[in-house]
Amino acid sequence: MLRAEAEAEVRAALAELPERTRTVLALRYYDNMDYQTIATTMGLSLGNVKTLIHRGKLALAHKLKEREEVATQGVGRKSPLFGGFHELQFS
Amino acid sequence: MSCSLAEALFELFLDGELAAVQSERLIAHVDRCPTCRGVLEELRVVDALLLGPRRIDLAPNFSFAVMAEARALPPPAPYRAPIRAYLVSYLAAAWMLAGAAALFAPQTMRAVGAATLGLMRGAADAVSALVAVAGRSFGHDGSVLTAVLGALLTFDVALVAGFGFALKYVQPRLVERLRS
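Small disclaimer: the values here were computed from a predicted structure and weren't measured.

Calculation rules
- Residues numbered from 1 in each chain as written.
- Chains lettered and ligands numbered in written order.
- Predicted model: local features only at pLDDT ≥ 70, side-chain atom pairs only at ≥ 80, totals over all residues.
- Helix = DSSP H or I, 4+ residues; strand = E, 2+ residues; numbered from the N terminus.
- Buried ≥ 20, exposed ≤ 12 C-beta atoms within 10 Å, placed from the backbone.
- Contact = placed C-beta atoms within 7 Å.
- Expected span 1.5 Å × (residues − 1).
- Core = buried A, V, L, I, M, F, W, Y, C linked by C-beta atoms within 7 Å.

Novice: What is the right way to look at the overall build of chain A in this model?
Specialist: Along the backbone of chain A there are four helices and zero strands. When the elements of chain A are put in sequence order from the N terminus, they spell out α-α-α-α.

Quick look at the structure:
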């Protein structure tokens, strides 16, 4: 259940990112594309793709933290993301 | 190592593509720099969340809806070759051809019959008991035409018998095996 909640939070946070950043992250992590393939697919330079992914992940972390704060303030429970990260079992 | 250089190496480090020497330097910097340590930890968390197994959420009634749709479809109709029609067509055509040849081209029929009989006699021992039976049963009087018609009749009788056997005994077993 914790895993499902975390996935839902990540999807929601991803949806808040700019479209190009979201697309690059989706291609990298959901379609398992390498950087060069993403660059070719999107017509970007390799460096641009790396920068977009790095900044996109930091932006995603920021969004997740924001959502976590809202959740903890609103409900008074621990979020499954950063606050409850150590409870997750990642393979 | 500066913080900006460290941050530029984070992705390579997390992807496991950073050289060992650079990794050691990066780790040494991160150990000393709480800011970079926090950023690296955030990236690790995001990586773990993005790379984790994703669960596909199905509608609550998904299975029921799929099964209901499957049941509503018409039952599948397997292709059935019109074997009876083929058999009847073959028999009619073969006997009409043989009759026409016997009536209108007896000389040609005799030549074809002689060739056929020669082949049958030559291969009777090794190839086909059916042909051998036909040759012995109908070819003893020396009439080529009789031998050919006899062989055709024997073949047709065997064909019809084989078809009947297959229809009665083989087909039900095949259907049962396909259903199980």
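Novice: Just to check I follow, could you spell out the overall build of chain B for this structure?
Specialist: Counting its secondary structure elements, chain B contains eight helices and zero strands. Listing each helix as α and each strand as β along chain B from the N terminus yields α-α-α-α-α-α-α-α. Relative to its 180 residues, chain B shows a buried fraction of 12%. For chain B, long-range pairs separated by at least 24 residues make up 50% of all intrachain contacts whose partners lie at least 6 apart in sequence.

Novice: Would you explain helix α1 (residues 3–14) of chain B in this entry?
Specialist: Owing to its 3.6 residues per turn, the α-helix brings residues three or four apart onto one side. Over its 12 residues, α1(B) runs 16 Å from end to end, which matches the ideal 16 Å to within 8%, given 1.5 Å per residue. One or two positions beyond α1(B), positive phi appears at G16(B), with a value near 75°.

Novice: Can you walk me through the nonpolar core in this structure?
Specialist: Nonpolar side chains tend toward joint burial in soluble globular proteins. L14(A), L60(A), L40(B) and V46(B) are the most contacted members of the largest nonpolar core, which has 27 residues in total. Among the secondary structure elements, those contributing two or more residues to this core are α1 (2–15), α2 (19–30), α3 (35–42) and α4 (46–75) of chain A together with α1, α2 (20–32) and α3 (34–51) of chain B. Top contributing element to this core by residue count: α3(B), with seven residues. When residues no more than four places from it in sequence are discounted, the contact partners of V46(B) are K57(A), L60(A) and A61(A).

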